[in-house]
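Per-entry structural report
Below are the chains, spelled out letter by letter.
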Amino acid sequence: MPEYEFVDVYVPRGVSRKEAARLLTDHAEYGHWELDRLSLRRDGSRRVRLRRRIIRQVRATW
């Protein structure tokens, strides 16, 4: 099973959909994050959980 690390991003209610998409695109392109979960709250704010795979290097023994 792959291991993931997670980060939560809070997007306030005044942020437009286009700006939120740009923010998440920047996270995806430059930080190699992918969308795990998005929840829209009653007040209009968004809580976004991003994940990226943890790659562990195995030591080579010679």
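Because the structure is predicted, anything quoted here is derived from the model rather than measured.

Here is what the cut-offs are and how they apply
- Residues numbered from 1 in each chain as written.
- Predicted model: local features only at pLDDT ≥ 70, side-chain atom pairs only at ≥ 80, totals over all residues.
- Heavy atoms only, no water.
- Helix = DSSP H or I, 4+ residues; strand = E, 2+ residues; numbered from the N terminus.
- Expected span 1.5 Å × (residues − 1).
- Buried < 20%, exposed > 50% of the residue type's maximum accessible area, 1.4 Å probe, protein only.
- Arc of directions from axis to C-beta.

Let us now look at helix 1 (residues 17-31). Since the α-helix advances by 3.6 residues per turn, residues separated by three or four positions end up pointing in the same direction. Between its first and last C-alpha atoms helix 1 spans 21 Å; for 15 residues at 1.5 Å apiece the expected length is 21 Å, and the two agree. Within helix 1, burial applies to Ala20, Leu24 and Gly31. One side of helix 1 carries all its buried residues, which in axial view fall inside an arc of 70°. Exposed residues on helix 1 whose side chains face more than 90 degrees from its buried face are Lys18, Arg22 and Tyr30. Once helix 1 ends, the next one or two residues include His32, with phi positive near 60°.

On to unusual backbone geometry, then. Notably, His32 is not glycine yet its phi reads approximately 60°, a positive angle. Of note, His32 is situated in the loop between helix 1 and strand 2 (34-40). Residue classification places His32 among the exposed positions, given a relative accessible area of 62%.

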